[in-house]
Structure formats: structure tokens, C-alpha cells
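Chains, contacts and geometry: an overview
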Amino acid sequence: MAQNNLAEAFPASKPVKRRIPDIKEGTLHKAKAVAIPKSLPFSKFEKILMTFCGIILTGLMIFVVSGKIALSSAEHNLSSSQAQVTKVTSDNSNLKQEVNQLSSRTRLNKIAKQYGLSLTTQNIRNVNK
């Protein structure tokens, strides 16, 4: 809004006409040819330095790629180890549950009755680890 009012506040100014001086044909000068300097040859030290830097750069690239490969391999080994640990843990849990079911008091009493055994409390001993 403020910009619209600002545009109306200033009256349009008249364009200024400039006079271009007359140029005669004889007064123009031709452009001079500019010689582009040839590039300087590399010195022996610069060549050795560039070669050395190239070798170091190539070595660093190989080092980074081999590091990425080693990291990927380690992550794969870690995930497979974690999967094994999870599987063994679940197997242990299942086996503990099975042991608890097989050693339950009701099951033992049922098997004892099946074979004609009886429970006498005088012969029971509690053993602690």
C-alpha cells in the first residue's frame, strides 16, 4: 500500500535528451591486436609435486573405498550375530518353559499315580544350590 502512494506522490519527470556528438570517419581508430601470452611450461619441481599429490589423492581414495567395504562387512557380521543371539535367546526361553511344564507338580503326581507310586512327605528333601 505504501508503495502505491509513493508512486503517486512524485510527478513523472520529463526524459532528458542527450546530444550525441558527431563522429567523423577519420577520427575512429582501429583496434590493436592484443597478443595472448603463451602459458609457461611447468618446472620439474611442479611436475614432481603434481605427480606426488596425484599419488597421494589416489591412495586416499583407495583407503576410503576399502574402509567403506570393511565397515559394510562388519555391519553385516554384526547383524547376523544379533540374529543368532535372538534365535538362541528365544530357543532358551522356549526350553525353560518346556522344563517348567514337564516338572510341574500336577504332572509329576499324574505320572506317579499312573505307575502306582505314592507321595510320602518324610522322604522329601529340599536341596538349594
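Reference entry: report on the structure contained in this document.

Rules used in this analysis
- Residues numbered from 1 in each chain as written.
- Predicted model: local features only at pLDDT ≥ 70, side-chain atom pairs only at ≥ 80, totals over all residues.
- Heavy atoms only, no water.
- Helix = DSSP H or I, 4+ residues; strand = E, 2+ residues; numbered from the N terminus.
- Buried < 20%, exposed > 50% of the residue type's maximum accessible area, 1.4 Å probe, protein only.
- Areas by Shrake-Rupley, 256 points an atom, 1.4 Å probe, with all protein chains shown as cover.
- Salt bridge = Lys/Arg side-chain N within 4 Å of Asp/Glu carboxyl O.
- Patch = residues over 30% accessible without salt bridge, like charges linked within 9 Å, V, L, I, M, F, W, Y side chains within 5 Å.

Turning next to the overall build of the protein chain. Across its full length, the protein chain holds three helices and zero strands. For the protein chain, buried positions account for 1% of its 129 residues. Total accessible area on the protein chain stands at roughly 14,000 Å², and carbon and sulfur atoms take up 62% of it.

Time to look at the pattern of salt bridges. Counting across every chain of the model gives one salt bridge. Two residues, Lys87 and Asp91, come together in a salt bridge whose shortest N-O distance is 3.4 Å. On the criterion of helical spacing, the pair formed by Lys87 and Asp91 is a turn pair, its members being four residues apart in helix α2 (residues 44-102). A residue is classified by how much of its surface remains accessible, and Lys87, at 54% relative accessible area, is exposed.

A few words now on helix α3 (residues 105-114). Since the α-helix packs 3.6 residues into each turn, any two residues three or four apart lie on the same face. The buried fraction of α3 amounts to one of the ten residues, a small share that puts the element mostly on the outside. Phi turns positive, to about 75°, at Gly116, one or two residues after α3.

Attention now moves to a nonpolar patch on the surface. The grouping of Phe52, Ile56 and Leu60 at the surface amounts to a nonpolar patch, some 300 Å² of accessible area in total. The topology assignment puts Ile56 in helix α2.

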